[in-house]
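# Reading the structure
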Amino acid sequence: HGLDPNAIRQPIADVHRIGLAARGIAGHDRVRQVVRARHEAIYLAVTVCGARLRAVADAAGIRAPTVHAIVRGVEDGREDPTYDRHLDELELECLA
């Protein structure tokens, strides 16, 4: 699958009201809101876009095991019904 980072970054940035500047989602900023948005973008790239872990890792500048851990962490968070609905909405935005 070809990975179009903007197809995922834009809906995530819009929801979290984060600019797409160099220090935005694509960077390594450690601000909680940015980290959450980055993790959601990685999760959606894998689950919605069907991107391979290695492709996402390369695009994000991290290792594939880190991508795997992020995806597992977001999946674990889906046990919270509010967060699950939030991710459902993001999935629909990415598919639109």
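Now for a description of the structure that goes with this document. Being a predicted model, the structure only gives us computed values, none of them experimental.

Here we take up the overall build of the chain. Helix and strand counts for the chain stand at five helices and zero strands. Scanning the chain from its N terminus toward the C terminus, one meets helices and strands in the order α-α-α-α-α. Expressed as a percentage of its 96 residues, the buried residues of the chain come to 38%. Here the chain has roughly 5800 Å² of accessible surface; of this, 50% comes from carbon and sulfur atoms.

Evaluation of the coordinates by the stated rule reveals four salt bridges. Arginine 78 is paired through a salt bridge with aspartate 84; the nearest N and O atoms lie 2.6 Å apart. Owing to a relative accessible area of 16%, arginine 78 belongs among the buried residues under this scheme. Because the salt bridges share partners, they merge into one network encompassing Arg78, Asp84, Asp88 and Glu91.

It is worth spelling out the nonpolar core at this point. Ile42, Tyr43, Val56, Val67, Val71, Val74 and Leu87 are the most contacted members of the largest nonpolar core, which totals 17 residues. Only helix H2 (32-47), helix H3 (53-60), helix H4 (64-77) and helix H5 (81-95) provide two or more residues apiece to this core. Excluding residues that lie within four positions of it along the chain, valine 71 makes contacts with Ile42, Tyr43 and Val46.

This part covers the packing of H3 against H4. One can describe the packing of H3 onto H4 by two numbers: an axis separation of 8 Å at closest approach and a directional angle of 105°. Comparing the axis directions of H3 and H4 gives the class roughly perpendicular. Counted together, Leu53, Arg54, Val56 and Ala57 of H3 and Ala64, Val67 and His68 of H4 form the full contact between these two elements. Along the lines of polarity and charge, the residues of the contact of H3 with H4 split into five nonpolar, one polar and one charged.

This part covers H5. Across its 15 residues, H5 extends 21 Å between first and last C-alpha, which sits within 8% of the 21 Å expected from 1.5 Å per residue. Where H5 is concerned, the buried positions are Tyr83, His86, Leu87, Leu90, Glu91 and Cys94. Mapping the buried residues of H5 onto a view down its axis gives an arc of 140°, with all of them on the same face. When the buried face of H5 is taken as reference, the exposed residues oriented beyond 90 degrees from it are Thr82, Glu89, Leu92 and Leu95. Its side-chain oxygen placed 3.0 Å from the backbone nitrogen of threonine 82, aspartate 80 serves as the N-cap of H5.

Rules and cut-offs
- Residues numbered from 1 in each chain as written.
- Predicted model: local features only at pLDDT ≥ 70, side-chain atom pairs only at ≥ 80, totals over all residues.
- Heavy atoms only, no water.
- Helix = DSSP H or I, 4+ residues; strand = E, 2+ residues; numbered from the N terminus.
- Buried < 20%, exposed > 50% of the residue type's maximum accessible area, 1.4 Å probe, protein only.
- Areas by Shrake-Rupley, 256 points an atom, 1.4 Å probe, with all protein chains shown as cover.
- Salt bridge = Lys/Arg side-chain N within 4 Å of Asp/Glu carboxyl O.
- Core = buried A, V, L, I, M, F, W, Y, C linked by side-chain atoms within 4.5 Å.
- Contact = heavy atoms within 4.5 Å.
- Axes fitted to C-alpha atoms, helices over the stretch in contact; angles between N-to-C directions.
- Parallel < 35°, antiparallel > 145°, perpendicular 65-115°, else oblique.
- Nonpolar A, V, L, I, M, F, W, Y, C, P; charged D, E, K, R; others polar.
- Expected span 1.5 Å × (residues − 1).
- Arc of directions from axis to C-beta.
- Polar contact = N/O pair within 3.5 Å; in protein donor to acceptor, adjacent residues only side chain to side chain.

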